[in-house]
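The primary structure of each chain is shown beneath.
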Amino acid sequence: MADYIREKMLRAVQKPGRYIGGEPDIIKKDLSKVKLRFAFCFPDTYEIGMSHLGIKILYHTMNSIPEVWCERCFAPWFDMKQQLELYSRRLTTLESGDPLCKFDLVGFTLQYELSYTNILYMLDIGGIPVLSAERGEGDPIVVAGGPCACNPEPLADFIDLFILGDGEEVNNELCRYMISAKEKGLSREETLRGAASIPGIYLPSLYNVEYNPDGTIKRLQPADGAPMPVKKRNVSSLDEAPFPESFVVPLIEVVHDRATVEVLRGCIRGCRFCQAGFIYRPFRARKASTVNRIASDLCANGGFSEISLTSLSTSDHPELGEMLDDLLTWTADRKVNLSLPSLRIDNFSQELIDKTTRVKKSGLTFAPEAGTQRLRDVINKNITEEEIISGCRTAFSSGYTAVKLYFMMGLPTERDEDIVGIAELAQKIVDLYYSLPEKPKGKSVSVNISVACFIPKPFTPFQFVAQDTEEEFRRKQKLLISSVRSRKISVSYHSSDTSYIEAVLARGDRRLGRAILSAYRDGAVFDSWDEGFSYERWLKAFEAAGIDPAFYACREREETEINPWDHLDYGIDKRFLAAEYGRAKAALTTEPCNKKCSGCGIAAYIGRPCFDN
Ligand code: SF4
């Protein structure tokens, strides 16, 4: 009977491959030998989650413990949601097909703020009380990690434990701890409190928050000797960190179907808007020889035709040339393409083009981020217009006819001339193309500019900044469109509505839990998709919760104000962030870490200098 209904449900939805499981290289275990079950949940579709490297690494790492079985679960799309409701079924994992409520630990990765309502959705249809306070002895413990865990407060009502920083070691420590807690027969409360003593674990219910009459935080106090601050975890050597030899091979097309190797963690650059550039510090590199071995294993085991060398800035790898040479000894013969998704335009060279396009020429994407030199200095992008033009010249001379350029609008100190500067820079690139005698014959150029709305994020020098209002974003978007003079330039920009909600959630405190719950109860799921997002629903949810969203998004914060994330220690000194913001306002740049340490605090945190020089 059960199988018959499942069959009916699968026949009623688009892309049933999202829900079937049984892919090559999935891990199954004998339940009689398993002591702890972990459901790793990605709060978005199968296609997005299966493209994410973190889930692949942690799936492999946790399953390396014989008594632990880590399984995968993704958010069911609207059509499957309907089917689950129709047949009163629960959300299950792909490996065993068991509902989430049967697991010991249910873990979410927090990659973007607009996935928060999907966490409530997955808990709810997985048979787990959405509110942490309503979970009892038989319920799973709900954990969450990933970049958005650096300000976990808006999710404090829903998540029992947060994992701060790199997950490779702490996840396994938590699993081992949970096995011993089960064996000792500890209560839920005792188990949670014990877990809070593992470095890198944050138990929000142990911290009390008091507010000032103006709504800012007055005090945040730990109870019962809970750690203060709570420190993030750090993998000391990326080269020795565990990495899978094979990935689960998806049965349907996913966003990125390729062998992905993380070649760097952290970044030397210090772009002032970039949260990842700060929270993943210090800069760590995987050796060229290790990257080569991992890539070869992944391609041999998974049959991939593309290797992606990922990081925040892959061309900053200290052994980039050697790494590409090693890979090219076998990739060209096996018709495997190399892709380097995060290239900086200032160290983009003919040699790099030759090495990465030997098999297939893919599109080129660069991120100048701002249209004028002054504003690029404000954000510490540290690239000049000459470098942008020179990078495009190199690309066009090598046969490229299209470039995609990423920008942001609403950056601190931005003026109208900076917006017009985006269009002018794009025009200079078009003009450059037609001035080159070596341009590809008979082909026209295409310059695509994609402009995001700037969102101030915790643990960056711009964490103090007020986001532009929606009216201002819309005015600037119109100004940009009216400044573009060539049909060779296309412009796309992000919705200011979604960026506003993202900004509220990014720097919010635990009072926002009421609004998230209200939005979910009103039907909010898949907020990062056009199909799911409703701005009006969010505004209604804020109103119902008695929350002014502009308080979180559009208000400049003093350095002395207590932020909701100030009790979490990511190794970055708040005084450094404030000083960097001061330098930004004066359009002063800061040198990359490998040239000069600017004293962000992470070297003291790890107890050694980040670089040998
Ligand atoms: S301590 Fe210095 S070198 Fe290390 S990440 Fe911070 S600024 Fe860069």
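In this text the structure is predicted, and so the values were computed from the model without any measurement. (Residues numbered from 1 in each chain as written. Predicted model: local features only at pLDDT ≥ 70, side-chain atom pairs only at ≥ 80, totals over all residues. Heavy atoms only, no water.)

Draft legend 1. Focus on the overall build of the protein. The helix and strand tally for the protein stands at 22 helices and 19 strands. In terms of overall dimensions, the protein is globule-like: its C-alpha atoms have a radius of gyration of 24 Å, near the 25 Å expected for 613 residues. Projected onto its principal axes, the C-alpha positions of the protein cover 75 × 65 × 50 Å. Within the protein, buried positions represent 59% of all 613 residues. As presented, the protein carries roughly 24,400 Å² of accessible surface, and 49% of it is formed by carbon and sulfur atoms. The protein carries 77 positive and 85 negative side-chain charges, and their two centres are separated by 2 Å. (Helix = DSSP H or I, 4+ residues; strand = E, 2+ residues; numbered from the N terminus. Rg over C-alpha atoms; globule rule 2.2 N^0.38 Å. Buried < 20%, exposed > 50% of the residue type's maximum accessible area, 1.4 Å probe, protein only. Areas by Shrake-Rupley, 256 points an atom, 1.4 Å probe, with all protein chains shown as cover. Lys, Arg positive; Asp, Glu negative; His and termini not counted. Charge placed at Lys NZ, Arg CZ, Asp CG, Glu CD.)

Draft legend 2. Summary view of helix 16 (residues 470-483). Between its first and last C-alpha, helix 16 extends 20 Å over 14 residues, near the 20 Å set by a 1.5 Å rise per residue. For helix 16, the full list of buried residues reads Glu470, Phe473, Lys476, Gln477, Leu480 and Ser483. Projected onto a plane normal to the axis of helix 16, the buried residues spread over an arc of 150° and lie on a single side. Of the exposed residues in helix 16, those oriented more than 90 degrees away from the buried face are Glu471, Lys478 and Ser482. In this structure, the buried side of helix 16 is in contact with strand 16 (402-409), helix 15 (416-435), strand 17 (446-453), strand 18 (489-493), helix 17 (496-506) and helix 19 (535-544). (Expected span 1.5 Å × (residues − 1). Arc of directions from axis to C-beta. Contact = heavy atoms within 4.5 Å.)

Draft legend 3. Summary view of the packing of helix 15 against helix 16. With their axes 8 Å apart at the nearest point, helix 15 and helix 16 run at an angle of 40° to one another. Judged by the angle between their axes, helix 15 and helix 16 are oblique. The interaxial crossing formed by helix 15 with helix 16 has right-handed handedness. Contact residues: helix 15 offers Asp416, Ile419, Val420, Ile422 and Ala423, while helix 16 offers Arg475, Lys476, Leu479, Leu480 and Ser483. Along the lines of polarity and charge, the residues of the contact of helix 15 with helix 16 split into six nonpolar, one polar and three charged. (Axes fitted to C-alpha atoms, helices over the stretch in contact; angles between N-to-C directions. Parallel < 35°, antiparallel > 145°, perpendicular 65-115°, else oblique. Left-handed = near helix turned anticlockwise from the far one by under 90°. Nonpolar A, V, L, I, M, F, W, Y, C, P; charged D, E, K, R; others polar.)

Draft legend 4. Region of interest: the site of the ligand. All residues adjacent to the ligand are Arg281, Cys593, Cys597, Ser598, Gly599, Cys600, Ile602, Ala603 and Cys610. Grouping the constituent residues of the shell around the ligand by class yields six nonpolar, two polar and one charged. (Near = heavy atom within 4 Å.)

Draft legend 5. Quick look at the sheet that holds strand 2 (residues 68-74). The six strands lie next to each other as 2-1-3-4-5-6, forming an open sheet whose pairing is mixed. Looking at the sheet topology across the chains shown, the edges are occupied by strand 2 and strand 6 (201-202). Note: strand 1 (residues 36-42) against strand 3 (residues 105-109), four bridges, orientation parallel. Bridge pairing in strand 3 links Ala39 to Val106. Against the sheet, helix 4 (residues 53-63) makes contact with strand 1 and strand 2, and its axis sits at roughly 155° relative to strand 2, the strand it touches most. Running at roughly 140° to strand 1, helix 7 (residues 167-184) makes contact with strand 1, strand 2, strand 3, strand 4 (141-145), strand 5 (161-163) and strand 6 of the sheet. (Pairing = 2+ DSSP bridges.)

Draft legend 6. Region of the structure containing the domain arrangement of the protein. Partitioning the protein into structural domains gives domain 1 (2-231) and domain 2 (259-494 + 571-585). Here domain 1 and domain 2 have C-alpha centroids that lie 33 Å from each other. Counting each side, the surface lost to burial between domain 1 and domain 2 is near 810 Å², with a carbon and sulfur contribution of 50%. Looking at the side of domain 1 facing domain 2, the largest losses of area belong to Leu53, Cys150 and Asp166, adding up to 52% of the total buried there. Taken together, domain 1 and domain 2 are joined by four salt bridges. A salt bridge links Arg265 to Asp166; the nearest nitrogen and oxygen atoms lie 3.2 Å apart. Counting across the interface, domain 1 meets domain 2 through four residue pairs in polar contact (both at pLDDT 80 or more). By residue class, the composition of the side of domain 1 that touches domain 2 is four nonpolar, one polar and four charged. (Domains from an automatic or database assignment. Buried area = accessible area lost by both parts, 1.4 Å probe. Salt bridge = Lys/Arg side-chain N within 4 Å of Asp/Glu carboxyl O. Polar contact = N/O pair within 3.5 Å; in protein donor to acceptor, adjacent residues only side chain to side chain.)

Draft legend 7. Main features of the sheet that holds strand 14 (residues 337-339). Read across the sheet, three strands follow the order 10-13-14 without closing on themselves; strand pairing throughout is parallel. Edge positions in the sheet fall to strand 10 (259-262) and strand 14, since each of these pairs with one other strand and no more. Averaged over all pairs of adjacent strands, the angle between strand axes in this sheet comes to 20°, irrespective of strand direction.

Draft legend 8. Geometry of the nonpolar core. Core analysis: the largest hydrophobic core is formed by 115 residues, its most contacted members being Phe108, Leu110 and Leu174. A domain split of this core shows at least three residues from each of domain 1 (2-231) and domain 2 (259-494 + 571-585). With near-sequence residues (within four places) excluded, Leu174 lies in contact with Leu105, Val143, Leu161, Ile163, Ala195, Ile198 and Ile201. Judged by nonpolar contacts, the second largest core, of 34 residues, contains Ile353, Tyr400, Met409 and Ala423. (Core = buried A, V, L, I, M, F, W, Y, C linked by side-chain atoms within 4.5 Å.)

Draft legend 9. Examining the pattern of salt bridges more closely. Applying the stated rule across the entire model yields 46 salt bridges. Of the charged contacts, one joins Asp104 and Lys182 as a salt bridge, the two residues approaching to 3.0 Å between their closest N and O atoms. Taken together, the positions of Asp104 in the loop between helix 5 (78-86) and strand 3 and Lys182 in helix 7 put the pair 78 residues apart, joining distant regions of the chain. Its relative accessible area of 18% is what places Asp104 among the buried residues. The partly exposed category is assigned to Lys182, whose relative accessible area is 43%. We note a salt bridge from Arg258 to Glu306, for which the minimum N-O separation is 3.6 Å. Residue Arg258 is found in the loop between strand 9 (230-231) and strand 10, and its partner Glu306 is found in strand 13 (residues 306-310); the two are separated by 48 residues along the sequence. Here the two residues Arg258 and Glu306 agree in accessibility, since each one is buried.

Draft legend 10. Quick peek at the side chain of Glu47. Topologically, Glu47 is positioned in helix 3 (residues 46-49). Separated by 3.0 Å, the side chains of Glu47 and Lys15 make a polar contact.

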